[in-house]
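A look at the structure
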Amino acid sequence: MAEHSVAAAHDHDHKPHGWRRWVYATNHKDIGTMYLVFACLMFFIGGAMAMVIRAELFKPGMQLVDPQLFNSMTTMHALIMIFGAVMPAWTGLANWMIPMQVGAPEMALPRLINFSFWILPFAFTLLLATLFVPGGAPAGGWTMYPPLVLQNGASFPMLIFAVHMMGASSILGAINVVVTILNMRAPGMTLLRMPLFVWTWLITAYLLIAVMPVLAGAVTMLLTDHFFGTTFFTAAGGGDPVMFQHIFWFFGHPEVYILILPAFGIVSEIIPTFSRKPLFGYEAMVYATASIAFLSFIVWAHHMFVVGMPLAAQLFFMLSTMLIAIPTGVKVFNWTATMWKGSLSFEPPMLFALAFLFLFTIGGFSGLMLAIVPADYQYQDTYFVVAHFHYVLVPGAIFGIMAGVYYWLPKWVGNMYHMGLAKWHFWLSAIFVNVLFFPQHFLGLAGMPRRIPDYAVQFTDWNMVSSIGGFGFGLSQLLFPILIYMCVKSGKPVKVNKAWEGAHGLEWELPSPAPYHSWQTPPSDAIIAKGAFH
Amino acid sequence: MTVLDRANRNLTLKLLGIALGSFGFGFALVPLYNVICGVTGVGDQSALLRRVKAIENPDPNRTITIEFLGNVASAGGWEFGPVARTVEIHPGKLYSAEFFAHNLTGRDMTAQAVPNIAPSKVAAYFHKTECFCFSPQHFKVNEQRNMPVRFIVDPAIPKYIDRITLAYTFYDASSQVSKR
Ligand SMILES: [Cu+2]
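Residues numbered from 1 in each chain as written. Chains lettered and ligands numbered in written order. Predicted model: local features only at pLDDT ≥ 70, side-chain atom pairs only at ≥ 80, totals over all residues. Heavy atoms only, no water.

The next point concerns the overall build of chain A. A count of helical and extended segments in chain A gives 18 helices and two strands. Its C-alpha atoms give chain A principal-axis dimensions of about 70 × 50 × 45 Å. Buried residues in chain A amount to 61% of all 534 residues. Looking at chain A alone, contacts between residues at least 24 apart form 82% of all its contacts between residues at least 6 apart. By element, 72% of the accessible surface of chain A is carried by carbon and sulfur atoms, the whole surface being about 19,200 Å². The centroid of the 22 positive side-chain charges in chain A is displaced by 10 Å from the centroid of its 21 negative side-chain charges. (Helix = DSSP H or I, 4+ residues; strand = E, 2+ residues; numbered from the N terminus. Buried < 20%, exposed > 50% of the residue type's maximum accessible area, 1.4 Å probe, protein only. Contact = heavy atoms within 4.5 Å. Areas by Shrake-Rupley, 256 points an atom, 1.4 Å probe, with all protein chains shown as cover. Lys, Arg positive; Asp, Glu negative; His and termini not counted. Charge placed at Lys NZ, Arg CZ, Asp CG, Glu CD.)

This part is about the overall build of chain B. Helix and strand counts for chain B stand at three helices and nine strands. Each helix and strand of chain B, ordered N terminal to C terminal, gives the series α-α-β-β-β-β-β-β-β-β-β-α. Sequence separation of at least 24 residues holds for 77% of the intrachain contacts in chain B that already meet a minimum separation of 6.

The next point concerns the sheet that holds strand 1 (residues 64-72) of chain B. Residue and element names in this part refer to chain B. Across the sheet, which stays open at both edges, the five strands sit in the order 3-1-9-5-7 with mixed pairing between neighbours. Every interior strand has two partners, whereas the edge strands, strand 3 (86-89) and strand 7 (137-139), have only one. For this sheet, the mean angle separating the axes of adjacent strands, direction not counted, is 30 degrees. Note: strand 5 (residues 109-118) against strand 9 (residues 163-172), eight bridges, orientation antiparallel. Bridge pairing in strand 9 links A113 to F170. (Pairing = 2+ DSSP bridges. Axes fitted to C-alpha atoms, helices over the stretch in contact; angles between N-to-C directions.)

The next thing to look at is the interface of chain B and chain A. Each partner contributes to the interface: chain B provides 25 residues, whereas chain A provides 34 residues. Both faces considered, chain B and chain A share a buried interface measuring about 2,400 Å² in area, 78% of it formed by carbon and sulfur atoms. Our count for the chain B to chain A interface comes out at five residue pairs in polar contact (both at pLDDT 80 or more). For the side of chain B that touches chain A, the secondary structure elements donating two or more residues are helix 1 (3-40), strand 5 and helix 3 (174-179) of chain B. (Buried area = accessible area lost by both parts, 1.4 Å probe. Polar contact = N/O pair within 3.5 Å; in protein donor to acceptor, adjacent residues only side chain to side chain.)

As enumerated under the stated definition, the model contains seven salt bridges over all chains in all. The closest approach of N and O atoms between A:D525 and A:R193, which form a salt bridge, is 3.3 Å. Residue A:D525 is located in helix 18 (residues 525-531), and its partner A:R193 is located in the loop between helix 6 (155-183) and helix 7 (196-227); the two are separated by 332 residues in the primary sequence. Residue B:E143 is joined to B:R145 by a salt bridge in which the shortest nitrogen-to-oxygen separation is 2.6 Å. The exposure class assigned to B:R145 is partly exposed, which follows from its relative accessible area of 25%. (Salt bridge = Lys/Arg side-chain N within 4 Å of Asp/Glu carboxyl O.)

On to the state of the cysteines. Evaluation of the coordinates by the stated rule reveals one disulfide over all chains. The partner cysteine of B:C131 in its disulfide is B:C133, sulfur to sulfur 2.3 Å. Of note, the bridge from B:C131 to B:C133 carries an S-S torsion of about 130 degrees and is right-handed in sense. Like B:C133, B:C131 is buried. Of the cysteine sulfurs around A:C40, a residue in no disulfide, the closest is that of A:C487, at 14 Å. Of the residues examined, A:C487 reaches a relative accessible area of 1% and is grouped as buried. (Disulfide = S-S within 2.5 Å.)

What follows covers a nonpolar patch on the surface. Together, A:L182, A:L191, A:Y206 and B:I18 make up an exposed nonpolar region whose accessible area comes to about 320 Å². One can find A:L182 in helix 6. (Patch = residues over 30% accessible without salt bridge, like charges linked within 9 Å, V, L, I, M, F, W, Y side chains within 5 Å.)

Further remarks concern the environment of A:V494. Residue and element names in this part refer to chain A. Mapped onto the elements of the fold, V494 is located in the loop between strand 2 (492-493) and helix 18. With relative accessibility at 11%, the residue V494 sits in the buried group. When the C-alpha atoms of V494 and Y417 are compared, they prove to be 9.8 Å apart, with 77 residues separating the residues in sequence. Look past the residues within four positions of V494 in its chain and what remains in contact with it is P410, G414, N415, M416, A499 and S512.

The next subject is the sheet that holds strand 4 (residues 94-103) of chain B. All names here are of chain B. Read across the sheet, four strands follow the order 2-4-8-6 without closing on themselves; strand pairing throughout is antiparallel. A strand with exactly one partner marks an edge of an open sheet, and here the two such strands are strand 2 (78-82) and strand 6 (126-131). Direction aside, the axes of adjacent strands within the sheet are offset by 25 degrees on average. As defined by bridge partners, strand 2 adjoins strand 4 across five bridges and the pair is classed as antiparallel.

So, about the side chain of A:T143. Inspection of the secondary structure assignment puts A:T143 in the loop between helix 5 (110-129) and helix 6. Setting aside chain neighbours within four positions, we find A:T143 in contact with A:F244, A:F248, A:W249 and A:R451.

Residue and element names in this part refer to chain B. Counting all residues, the mean pLDDT for chain B is 83, and 87% of those residues have values of 70 or more. Within chain B, strand 3 carries the highest mean pLDDT (91), whereas helix 3 carries the lowest (54). Reported confidence for the predicted complex is 0.86 by ipTM and 0.86 by pTM. (pLDDT = per-residue confidence, 0-100.)

Attention now goes to the environment of A:I398. All names here are of chain A. Its location among the elements puts I398 in helix 14 (residues 383-413). On the basis of relative accessibility, which here comes to 9%, the residue I398 falls in the buried class. Distance in space between the C-alpha atoms of I398 and I372 is 27 Å, their sequence separation being 26 residues. Those residues within four positions of I398 in sequence are excluded, and the remaining contacts are F43, V86 and L393.

Trans peptide bonds make up the majority, and among non-glycine residues the majority have a negative phi. Residues and elements named next belong to chain A. Looking along the chain, the bond that leaves P146 and enters P147 is cis, with omega of 0 degrees. Within the secondary structure layout, P147 lies in the loop between helix 5 and helix 6. Each neighbour pair has its own omega, and for S512 with P513 the value is -5 degrees, a cis peptide bond. Positive phi outside glycine occurs at R276, with the angle close to 55 degrees. Mapped onto the elements, R276 comes out in the loop between helix 8 (241-275) and helix 9 (282-295). Notably, D381 is not glycine yet its phi reads approximately 60 degrees, a positive angle.

Dropping the structure here:
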């Protein structure tokens, strides 16, 4: 019955045409698409910068770029990938999927989210424009530590305003998500019936609202220190540059969970689908996510063990960091248990989800090593750290996004993508990402420092391997937009609602492609109950 | 305005309020940080910048080596450093040392020296009766002079301490001073 009325609504949705559809977009799917396209563009810009880094590090000595530009590349690569690629991709997926998954016709605040999207092109134009100003782009690292960040010339205020805009955009995006989830759910969609992608995004949104303003405050203090004579971080005036690090990482550690929690949600949707079993321990997953989010507020100083702090503080931050392994372990265990005795099949979304499971866990283990204070004294600022956070961000967050896109793409466009090519994309990505990042563990343990354009000759071999992996990974990502384009233009139509036979959840009760407005008549209690794990 | 619209608006305003609160919390971390540093004694600037009255009560049986270091915050422009690199002292006795500075910036300058002490625990036992770091130092173009620091180490200092490093960083404080 519900299906019938939705199909009827599909016939006369009033889609605006031409540029107005996008500039004035308030439809949750159009907004989601814009976010995802923007994120993809930024992914390739940030990726191109990574290619510059790997090319320079292919062999020892200085060949392609001067040290200033090299450090600009590392700084900009991080800012663009974090704030331009991963976070907008999650917001895009949230806008596309949350109304469909909770039985709502639209997001709660469509005009606000239009504004929050359109801030982004301006923010990143401003950030990228720093490449062309006197003094060059920011080169003091994405962490913006003073006093180094203050010595960068004309790019400094541009960097700060760009960060302000990105922050405002993501806060508004998060508010939209919370209001939608709390107020727009269909009757019968209780909190504990919500899909885990919705749950993880709800928790992510609270993290965003809590910590993005702290970052905004920290960079505002940098700005006033530089231009208005305040001395928050200036030792000469009684301030302390180490305090910036504390404030920054108070934001920074929750930020890494902002980047990864939605991936936990997506993987928790995909693994049951392709195991043809309900998710093992649904409720435990919800509580584990919430505990990770809570713990993320009390571990920040593990980024700063070497700057000096009392022994008691070092112990506290070490132990609280290690505590996070418990809820994370619960999740990894539950995903594995979901597959146990399931009838597995290995379509592209499942392949990416499985690679996520293996490789994110490796990144988690190196994170535990970094949490150990005396060991961290050795690892600090080496390639071991670089390897660690790339393992949790590339095969973690990025693979999570790709898994999500491959999972829902047939629902979005109504066509199936080229399965063989998508598997090529997966295998190339999965192999090259390890060739790229695994050797960096060795380099770091051997003492190669990060953010330096040159290195001692004994590091040459593994750097060459890593660079080859980098070029391979970068090139294979070009398959991704090609695949999506082919799917939209000439994919085989998916005639059924469930593109994947084992899929659970409300989005699979809608026709494919999904109608312009999702649930104009709320789904019935029976349909909701059928899709829920709990 | 429907019931749902009103509920959405109220929740949006509440969440914006939380965001605003966290923005304020970022700034509240500044005084909080100083309080925590004070309680734990880390980088206790106030102890290092406090002028004290010395009561001499020398302990001739203990000798501690004091090392002096001078750094300049931004390269060039200043010559700055201790006149004598180390001195052996007895706790409880008043000593004085001198730092040398030479303004090569080509302008009249005001500089502020910021002290730092290692190991950081001894800050509470290292007292200065007089220090050039207590106030901004004015230098004419090319002026050079020696600046005194007088200090006394509390005999209650833990037994295992036999070496203390007193480091000063010399900052250009012209902009800060003009604002005060
Ligand atoms: Cu962290």
